[in-house]
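# Overview (structure and organization)
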Amino acid sequence: MDRPEVTWRIKSLLRDQIDSVLIALGQIPTLAPEDIVPKANFEPGFTCSPVAFSDWQNPLSDAHLAWRDRLVKKADLILENRLTYFDLQAVHHGNPINWHRDFSAGVDAPIIQSTHIDYRDVVKFGDCKLVWEPNRHHQLVVLARAYVATNKLRYARKVTELLRSWIDSNPFGYGMNWKSPLEIGVRLINWVWAIDLIKSSDVFHDELWSDIQQVVYRAMWDCERKFSQGSSANNHVIGEAAGVYVAACYFRQIPGANRWRKSSQDVLEREIILQTFPDGCTREHAFGYQFFVIQFFQYCLRASETSQDQFSKEFCSRLHRMYCFLNEISTDTGRPPNMGDADNGYVLDLGELPRDTTELLSVGGHQFKDHALMSSGKSETVFWLFGGVHQPALGLKGSRPSVLFEHSGYAILRSRRDSAFLDCADLGYGPIAAHGHAD
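First, a word on scope: everything that follows refers to the structure included in this document.

Definitions and cut-offs
- Residues numbered from 1 in each chain as written.
- Predicted model: local features only at pLDDT ≥ 70, side-chain atom pairs only at ≥ 80, totals over all residues.
- Heavy atoms only, no water.
- Helix = DSSP H or I, 4+ residues; strand = E, 2+ residues; numbered from the N terminus.
- Rg over C-alpha atoms; globule rule 2.2 N^0.38 Å.
- Buried < 20%, exposed > 50% of the residue type's maximum accessible area, 1.4 Å probe, protein only.
- Patch = residues over 30% accessible without salt bridge, like charges linked within 9 Å, V, L, I, M, F, W, Y side chains within 5 Å.
- Areas by Shrake-Rupley, 256 points an atom, 1.4 Å probe, with all protein chains shown as cover.
- Salt bridge = Lys/Arg side-chain N within 4 Å of Asp/Glu carboxyl O.
- 1 Å grid on protein atoms, 1.4 Å probe; cavity = no way out; pocket = protein on both sides within 12 Å on 5 of 7 lines; lining within 4 Å.
- Points joined across faces, edges and corners; volume = space filled by probe spheres on them.
- Phe/Tyr/Trp six-rings, centres within 6.5 Å; stacked < 30°, edge-to-face > 60°.
- Pairing = 2+ DSSP bridges.
- Axes fitted to C-alpha atoms, helices over the stretch in contact; angles between N-to-C directions.
- Disulfide = S-S within 2.5 Å.
- Contact = heavy atoms within 4.5 Å.
- Polar contact = N/O pair within 3.5 Å; in protein donor to acceptor, adjacent residues only side chain to side chain.
- Left-handed = near helix turned anticlockwise from the far one by under 90°.
- Nonpolar A, V, L, I, M, F, W, Y, C, P; charged D, E, K, R; others polar.
- Parallel < 35°, antiparallel > 145°, perpendicular 65-115°, else oblique.

## A few points about the overall build of the protein
Regarding its fold elements, the protein presents 14 helices and seven strands. Since a compact globule built from 439 residues should have a radius of gyration of about 22 Å, the 22 Å found for the protein is in line with a globular shape. Reported as C-alpha extents along the three principal axes, the dimensions of the protein are approximately 70 × 60 × 45 Å. Burial statistics for the protein: of 439 residues in total, 56% are counted as buried.

## Digging into a nonpolar patch on the surface
On the surface, Met 1, Val 6, Ile 10 and Leu 14 cluster together to form a nonpolar patch covering roughly 400 Å² of accessible area. Along the chain, the position of Ile 10 falls in helix α1 (residues 3-24).

## Looking at the layout of surface pockets
Estimated volume of the largest pocket: approximately 1,200 Å³. If you go around the largest pocket, you meet 44 residues; those closest to its centre are Tyr 119, Lys 179, Ser 180, Pro 181 and His 236. Top contributing element to the lining of the largest pocket by residue count: α1, with nine residues. A volume near 570 Å³ is recorded for the second largest pocket. Taken together, 24 residues line the second largest pocket, and the ones lying closest to its centre are Lys 74, Thr 84, Tyr 346, Asp 349 and Leu 353. Top contributing element to the lining of the second largest pocket by residue count: helix α2 (residues 62-79), with six residues.

## Describing the pattern of salt bridges
Scanning the entire structure with this criterion turns up 24 salt bridges. Between Asp 168 and Arg 164 there is a salt bridge whose closest N-O contact spans 3.0 Å. Placement of the pair is Asp 168 and Arg 164 together in helix α6 (residues 153-169), with a separation of four residues, close to one helical turn. With a closest N to O distance of 3.0 Å, Arg 414 and Asp 332 form a salt bridge.

## A look at the packing of aromatic side chains
Inspection of every chain in the model, using the stated rule, returns 30 aromatic pairs. Where Phe 292 meets Phe 296, the ring centres are 4.8 Å apart and the plane angle is 55°; that geometry is what we call tilted. Of this pair, Phe 292 and Phe 296 both sit in helix α11 (residues 287-306), four residues apart, which is roughly one turn of that helix. A relative accessible area of 0% means that Phe 296 is categorised as buried. Each ring, one from Phe 325 and one from Tyr 410, has its centre 6.4 Å from the other, and the planes form 50°; the classification is tilted. Of this pair, Phe 325 sits in helix α12 (residues 313-330) while Tyr 410 sits in strand β6 (residues 410-414); the two residues are 85 residues apart in sequence, bridging distant segments of the chain.

## Regarding the sheet that holds β6
Pairing is antiparallel in the open sheet, where three strands are placed in the order β5-β6-β7. The outermost strands of the open sheet, each flanked by one partner alone, are β5 (403-405) and β7 (419-423). Strand-to-strand, the axes of this sheet are offset by a mean angle of 10°, without reference to chain direction. Pairing of β5 with β6, which is carried by three bridges, proceeds in the antiparallel orientation. The partner of Phe 405 across the bridge, within β6, is Tyr 410.

## Comments concerning the state of the cysteines
Enumeration over the complete set of coordinates arrives at zero disulfides. Considering cysteine sulfurs only, Cys 249 is the nearest to Cys 48, which forms no disulfide, with 11 Å between them. Residue classification places Cys 48 among the buried residues on the basis of a relative accessible area of 7%. Just so you know, Cys 128 is unpaired, no disulfide at all, and the nearest cysteine sulfur is the one on Cys 223, 16 Å from it.

## A short note on the side chain of Lys 226
Within the secondary structure, Lys 226 sits in the loop between α8 (206-225) and α9 (235-250). If sequence neighbours within four positions are ignored, Lys 226 has contacts with Arg 15, Asp 16, Asp 19, Pro 181 and Glu 240.

## Describing the side chain of Ser 375
Here Ser 375 shows up in the loop between α13 (357-368) and α14 (380-386). A polar atom in the side chain of Ser 375 sits 3.1 Å from the side chain of Ser 362.

## A few points about unusual backbone geometry
A cis amide bond links Asn 95 with the next residue in sequence, Pro 96, at an omega value of 5°. Tracing the backbone shows Pro 96 in the loop between β2 (88-92) and β3 (101-102). Although it is not a glycine, Asn 151 sits at a positive phi angle of roughly 65°. Mapped onto the elements of the fold, Asn 151 is located in the loop between α5 (138-150) and α6. In this structure Asn 151 comes out as partly exposed when scored by relative accessible area, which is 42%.

## As for the packing of α9 against helix α10 (residues 257-274)
Running from amino to carboxyl end, α9 crosses α10 at an angle of 145°, the nearest separation of the two axes being 8 Å. When you trace α9 past α10, the crossing you get is left-handed. For the pair α9 and α10, the contacting residues are Val 237, Ile 238, Ala 241, Ala 242, Val 244, Tyr 245, Ala 248 and Cys 249 in the first and Ala 257, Trp 260, Arg 261, Ser 264, Gln 265, Val 267, Leu 268 and Glu 271 in the second. Residues of the contact of α9 with α10, tallied by class, amount to twelve nonpolar, two polar and two charged.

## Focus: the environment of Ile 238
Counting through the fold element by element, Ile 238 comes out in helix α9. Ile 238 gets classed as buried once you look at its relative accessible area, which sits at 2%. As for Ile 238 and Ile 329, which are separated by 91 residues in sequence, their C-alpha atoms are 23 Å apart.

## Section: the packing of α5 against α6
It is at 7 Å that the axes of α5 and α6 come closest, and there the two elements cross at 155°. Here α5 is positioned roughly antiparallel relative to α6, judged by the angle of their axes. When the axes of α5 and α6 are compared, the crossing they make is left-handed. Of α6, the residues touching α5 (which contributes Gln 139, Leu 140, Leu 143, Ala 144, Ala 146, Tyr 147 and Thr 150) are Leu 153, Tyr 155, Ala 156, Lys 158, Val 159, Leu 162 and Leu 163.

Right, here's the structure in full:
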């Protein structure tokens with residue numbers, strides 16, 4: 001670590017100690033009653049998806065029918081509190097859900113002040129990844145999509161049931177789920193999407209709606225002041241800023257939202273240039289994490305477009321290059337080479353999890369009107385993001401020449417029948433190499 005990072009970490013430790021005292025005394029940021037926006041007066045800053053129930057009514061294509069059937073099956077399991085992630089398949093998570101349990105190891109993380117939680121201590125607290133994953137709340141978006149696709153209120157009501165359960169079980173500053181700003185960022189994006197997709201259902205009661213605003217306010221405040229720096233400022237700071245940006249754009253009437261929107265956008269504009277090469281490769285040299293950060297940038301860009309905000313031309317150009325890089329290195333085998341760590345992290349479940357390269361690239365193709373990135377099949381993720389009028393076109397076919405990525409240090413040699421991927425790159429991003437070490 002250099003001197004500025006050491007200084008930042010010392011200040012962070014001091015901040016955490018002060019927080020510990022203030023939280024114990026109940027001195028936490030709180031929206032005043034007059035700052036709570038009644039549901040009837042709420043004006044969302046943007047619309048997440050153009051898809052409505054009418055888009056799912058007859059006549060539906062075979063693809064739409066398959067999407068709806070798959071979605072309903074997945075949502076019905078969530079109605080029973082049966083969740084699937086990592087190696088856990090449709091595991092019952094309690095009734096109500098136990099939001100603090102590592103269901104793989106059978107360990108409950110104690111609900112103590114987050115400052116005092118050592119998330120690396122798997123014996124005492126469980127595996128943090130196994131605790132955090134269901135708390136990212138991907139399942140809320142699945143339920144909300146199922147409501148849009150079927151117009152059945154049970155899916156919307158389940159969203160509010162899970163939100164109520166989570167808020168009651170996770171007081172601010174306590175437990176594993178307030179420990180990581182990145183996890184807060186991912187959760188904020190999923191909350192925004194789930195809330196927006198079911199907002200027409202009239203299932204939000206006044207008390208829950210008020211509590212949601214309090215939690216979102218505290219989450220944005222807490223996340224923005226803890227943006228990662230130094231050797232930690234890899235994909236984490238991108239996810240943290242993305243969560244604050246999306247929430248601040250959507251809940252624009254919350255006090256402080258405009259300031260947090262601007263500060264998080266500044267971080268995103270800076271980091272997309274700092275953390276990627278001009279050829280579109282991530283400086284982490286971990287292609288699995290390139291999947292992850294592309295999604296953060298993409299959902300922020302869509303939020304900005306539908307809220308009349310604007311990212312720079314440099315931001316858009318670099319994001320386009322990131323898609324193009326993944327397309328080039330995946331074209332020979334259908335997936336990127338296994339370079340760097342991968343934890344299969346994703347931001348939103350919009351039908352196809354983004355481990356599928358084709359689906360991720362299709363989103364980039366429609367965003368930037370680049371037919372070279374578009375798949376030959378229909379994409380549910382594209383459908384939710386852009387609506388039914390945008391149909392995937394055929395990607396470019398035929399033989400491709402060898403290519404050198406001079407900035408990032410990779411090359412692909414191609415003959416008529418074979419290809420070879422060559423790695424002449426640095427080990428990873430920054431002094432600790434972060435996720436690039438698995439090389």
